[in-house]
Amino acid sequence: MYGFNTAVSGLLASQRALYVTNHNISNMNTDGYSRQVALQRATNPMSLPGIGYLGTGTEIYDIVRMRDSYVDFKYWNESAPKGEWEAKRTSLLEIEKLLGEPSDSSFRKYMDDFFSSLDELSKNPSDYAFRQPVKESALSLTKHINETAKRLENMRKETIFSIDTKVKQINDIADQIGNLNKQIYVLELDGKSANDLRDKRELLVDELSKIVNVRVDESKDGKYRVNVGGISLIDHDYINKMEYKPKNSAYPYENRELKWADGNKVTLQSGELKGLIELVEGDGEKGSYRGIPFYQKKLDDFAGGFAGKINEQHGKGYDLEGEQGKEFFTFDANNPALTISVSQAILEDVGKIAAAGTKDGVEDNTNILKIIDLREDKAFFGDGMSKGTPDDFIKSILSNLAVDSMQAQRMDDTQKLIIKNIEKRRQSESGVSQDEEMTNLVKFQHSYTASARMITTLDQILDVTINRLGLVGR
């Protein structure tokens, strides 16, 4: 009987090892799956007096997954910066497309057309045919500014919507991890590991780690915790949810805050969510990130400053009727880029363009020449880092954008390379190798066949011993 038990134990061990190999092969392409290994050991031997200890077979005592917790820690630690710079890189590329530099629809192209039309008007200031292009080119410039301002505002609202989506995603992932924590805790009360559920949980943490910076801790009593900014998002089965709400519901896109459900502020070090929030809130003041509000403010400064300077000089001249010039551009001081336009008076009558420097100078072009000269005025914009001519101002905005975009691109590329290397390490530890599993398949199949053959041999021995011995001489 002991021989049979030994052979049967080998048969069962080989069978279970084949099951594990089959499970690995089936999940070769499953995201987050960790290769599993059946741990095998010899059973307790039997003591035979005068002979010694006789082996009693083998057993599969555990099935473990090949997973390196340090590699997971590294992956989660580096995944958040990758998510942050990826979000910034994508948004800054969008802003570059909005500004359209260099192209036929750029700010400088529209300014070239506007000042070229003024130059043509200076050659024949009394001719309405030369005044009409000034109005049209000015309208094109203001509409381009308006459209860019609208697109930046829409982009900001879309980014806020993305933040709302990410917060909901965080809370949803937290709920899923909390449910898995309860299942794993119950299943592992006997000391065995719920391998597939653990893989699902850590795949969710992988997803979460790209959105926010996480720290994972599993205590000896099996309690699993995920922290964000030093505060528990998940404490075993308790979920501390986030919310991103405006202080005043009447202004849903203003003064929003990311808070925990208990009202405390959420502190983020990195992640997609941090990148998106900085893009929405970053105005470049006091060392803050240069996000969408920064470029909105710069566009407002340009629109307000450009219109104000042209209006100032235009008001010093005289129109075809000898009346002193009024505003050439109109705009709302609270939102210049979105509201800048050619004045209604000029839209209705291009004769209101104050080209002359004197009341009676119908062919006088001195004032229009002074307006043209403003383009080269180094004091056109006098404050801040964008001071200089209108072209200098645009160049300054574009250079800031180029620096920010290049930084985001470099940081994103660096993080991608780091993550790629970590994934290689993780794959070498946890990934399923088809060649290795096929080798195991053949090995365990042969072991199973050998154990089965042993049972057949033992059966033949017992048959001879029981049924055939003593038949001679009957």
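Residues numbered from 1 in each chain as written. Predicted model: local features only at pLDDT ≥ 70, side-chain atom pairs only at ≥ 80, totals over all residues. Heavy atoms only, no water.

Colleague: Kindly report on the overall build of the chain, identifying the contributing residues and their values.
Modeller: From N to C terminus, the chain includes 12 helices and 12 strands. Taking 23 Å as the expected radius of gyration for a compact globule of 474 residues, we find that the chain reaches 38 Å, considerably beyond that expectation. A principal-axis box enclosing the C-alpha atoms of the chain has dimensions of 155 × 45 × 30 Å. In the chain, which comprises 474 residues, the share counted as buried stands at 43%. Once local pairs closer than 6 in sequence are excluded, the contacts in the chain between residues at least 24 apart make up 65%. In the structure as shown, the chain presents an accessible area of about 25100 Å², 50% of it carried by carbon and sulfur atoms. Averaged over its 63 positive side-chain charges, the chain has a centre that lies 6 Å from the centre of its 74 negative ones. (Helix = DSSP H or I, 4+ residues; strand = E, 2+ residues; numbered from the N terminus. Rg over C-alpha atoms; globule rule 2.2 N^0.38 Å. Buried < 20%, exposed > 50% of the residue type's maximum accessible area, 1.4 Å probe, protein only. Contact = heavy atoms within 4.5 Å. Areas by Shrake-Rupley, 256 points an atom, 1.4 Å probe, with all protein chains shown as cover. Lys, Arg positive; Asp, Glu negative; His and termini not counted. Charge placed at Lys NZ, Arg CZ, Asp CG, Glu CD.)

Colleague: Any chance you could break down the pattern of salt bridges for me, citing the residues and the numbers?
Modeller: A complete count under the given rule lists 39 salt bridges for this structure. In this structure, glutamate 86 engages lysine 82 in a salt bridge whose closest nitrogen and oxygen atoms are separated by 2.9 Å. Pair noted here: glutamate 86 and lysine 82 are both in helix 2 (residues 69-99), with a separation of 4 residues, about one helical turn. On the basis of relative accessibility, which here comes to 23%, the residue glutamate 86 falls in the partly exposed class. (Salt bridge = Lys/Arg side-chain N within 4 Å of Asp/Glu carboxyl O.)

Colleague: Go over the sheet that holds strand 7 (residues 231-235) with me, naming the residues and quoting the values.
Modeller: What the 4 strands build is an open sheet, ordered 5-6-7-8; its pairing is antiparallel. Of all strands in the sheet, those with a lone pairing partner are strand 5 (215-218) and strand 8 (238-239), marking the two edges. Summarising the sheet, strand 7 and strand 8 pair through 2 bridges and their orientation is antiparallel. Its bridge partner lying in strand 8, isoleucine 234 is registered against isoleucine 239. (Pairing = 2+ DSSP bridges.)

Colleague: Report on the environment of isoleucine 292, specifying residues and quantitative values.
Modeller: Turning to its location among the elements, isoleucine 292 is positioned in helix 7 (residues 292-314). Apart from residues lying up to four places away in sequence, isoleucine 292 is in contact with Ile95, Leu152, Met155, Arg156, Thr159, Leu279 and Gly282.

Colleague: I'd like a rundown of unusual backbone geometry, residues and numbers included.
Modeller: Positive phi, close to 60°, is recorded for histidine 236, a residue that is not glycine. Summarising the element assignment, histidine 236 is placed in the loop between strand 7 and strand 8. Classification of histidine 236 as buried rests on a relative accessible area of 9%. Its identity is not glycine, yet lysine 286 carries a phi of approximately 55°, on the positive side.

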